[in-house]
Amino acid sequence: LGPEAAIPEDVLQICSGSPLLIRQALLRTSGGDDSTSRLPSETLLALVPEQRQILLLGRILSGRQALTLPELQQMFPSVTSLPELVRQLVRRFLIDLDGATIRVSLPLWNVLVSTWPEADLLYTRRAVASLLLGRFLMAPQRRAHEGIEAIKQLLLSGAYAQAVQV
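Residues numbered from 1 in each chain as written. Predicted model: local features only at pLDDT ≥ 70, side-chain atom pairs only at ≥ 80, totals over all residues. Heavy atoms only, no water.

Let's talk about the overall build of the chain
Thought 1: A tally of regular secondary structure across the chain gives 10 helices and three strands.
Thought 2: Each helix and strand of the chain, ordered N terminal to C terminal, gives the series α-α-α-α-β-α-α-β-β-α-α-α-α.
Thought 3: Carbon and sulfur atoms form 57% of the exposed surface of the chain, whose accessible area is close to 9400 Å². (Helix = DSSP H or I, 4+ residues; strand = E, 2+ residues; numbered from the N terminus. Areas by Shrake-Rupley, 256 points an atom, 1.4 Å probe, with all protein chains shown as cover.)

Shown next, in the form of structure tokens:
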């Protein structure tokens, strides 16, 4: 595996344990070339829209209402490459897969959302709101939290009129 590399304590604190952020911080401090040390925004732009939606959904639905792989497959029935898209996110350290549950760590999310190109983030929020609204409308009492989150995402995306209609 090669020589053991010590990770400076200040890097660990700044990165809050996120493997992606630790890797990028170490590559930057060691003068790594740009092809391997992508900035988070470049990492985001390299993803397909469905992967960015998975990131947003993974963060929104973390905690009590965690997102599972079967639920994700229900949300994206026409995306036949969904398992591979999820594997790519795991390999890039963008999501954690705990059994069938998808999680996006808060420290990583904070970095991603701060570097996410605004127009794409607004589009992704609207797409996720649409997915959540669809699930809410199928079972309003059981999925009320998803209806509330859909309204929140619409408001965050600037779609105020659509949020009021919901």
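A look at the environment of Ile-60
Thought 1: Within the element layout of this structure, Ile-60 appears in helix H4 (residues 49–60).
Thought 2: Overall, Ile-60 belongs to the buried group, its relative accessible area being 18%.
Thought 3: Linking Ile-60 and Gln-153, residues 93 residues apart in sequence, is a C-alpha distance of 9.4 Å.
Thought 4: Excluding its chain neighbours within four sequence positions, the residues that come into contact with Ile-60 are Val-128, Glu-149 and Gln-153. (Buried < 20%, exposed > 50% of the residue type's maximum accessible area, 1.4 Å probe, protein only. Contact = heavy atoms within 4.5 Å.)

Re the sheet that holds strand S3 (residues 101–103)
Thought 1: One open sheet holds the three strands; their spatial order is S1-S3-S2, and the pairing between them is antiparallel. Both edges of this open sheet fall to strand S1 (67–68) and strand S2 (96–98), since each of them pairs with a single strand only.
Thought 2: Of the strand pairs in this sheet, S1 and S3 are connected by two bridges, and their pairing is antiparallel. Paired with Thr-68 across the two strands is Thr-101, which belongs to S3. (Pairing = 2+ DSSP bridges.)

Some points on the packing of aromatic side chains
Thought 1: Within this structure, the stated rule accounts for one aromatic pair.
Thought 2: Consider the rings of Trp-109 and Trp-116, whose centres lie 5.8 Å apart with planes at 70°: the pair is edge-to-face. (Phe/Tyr/Trp six-rings, centres within 6.5 Å; stacked < 30°, edge-to-face > 60°.)

Focus on the environment of Gln-88
Thought 1: Counting through the fold element by element, Gln-88 comes out in helix H6 (residues 82–91).
Thought 2: You can call Gln-88 partly exposed: its relative accessible area is 25%.
Thought 3: Between the C-alpha atom of Gln-88 and that of Gln-51, which follows or precedes it by 37 residues, the distance is 8.9 Å.
Thought 4: At a separation of 2.9 Å, a polar atom in the side chain of Gln-88 contacts the side chain of Gln-51. (Polar contact = N/O pair within 3.5 Å; in protein donor to acceptor, adjacent residues only side chain to side chain.)

Quick word on the confidence of the model for the chain
Thought 1: Confidence along the chain averages 80 in pLDDT terms, with 74% of residues attaining 70 or more.
Thought 2: In the predicted structure, residues 33–38 sits below a pLDDT of 50 and forms nine contacts with residues beyond four places in sequence or in another chain. (pLDDT = per-residue confidence, 0-100.)

Let's talk about the side chain of Gln-51
Thought 1: Looking at the secondary structure, you find Gln-51 in helix H4.
Thought 2: Given the relative accessible area of 1%, Gln-51 is considered buried.
Thought 3: Apart from residues no more than four positions distant in its own chain, Gln-51 is found in contact with Leu-85, Gln-88 and Leu-89.

Some details on the packing of H4 against helix H8 (residues 118–138)
Thought 1: Running from N to C, H4 and H8 point in directions that differ by 65°, and their axes come no closer than 9 Å. H8 is crossed by H4, and the crossing has right-handed handedness. Contacts between H4 and H8 pair Arg-52, Gln-53, Leu-56, Leu-57 and Ile-60 from the former with Asp-120, Tyr-123, Thr-124, Arg-125, Ala-127, Val-128, Leu-131 and Leu-132 from the latter.
Thought 2: By residue class, the composition of the contact of H4 with H8 is eight nonpolar, two polar and three charged. (Axes fitted to C-alpha atoms, helices over the stretch in contact; angles between N-to-C directions. Left-handed = near helix turned anticlockwise from the far one by under 90°. Nonpolar A, V, L, I, M, F, W, Y, C, P; charged D, E, K, R; others polar.)

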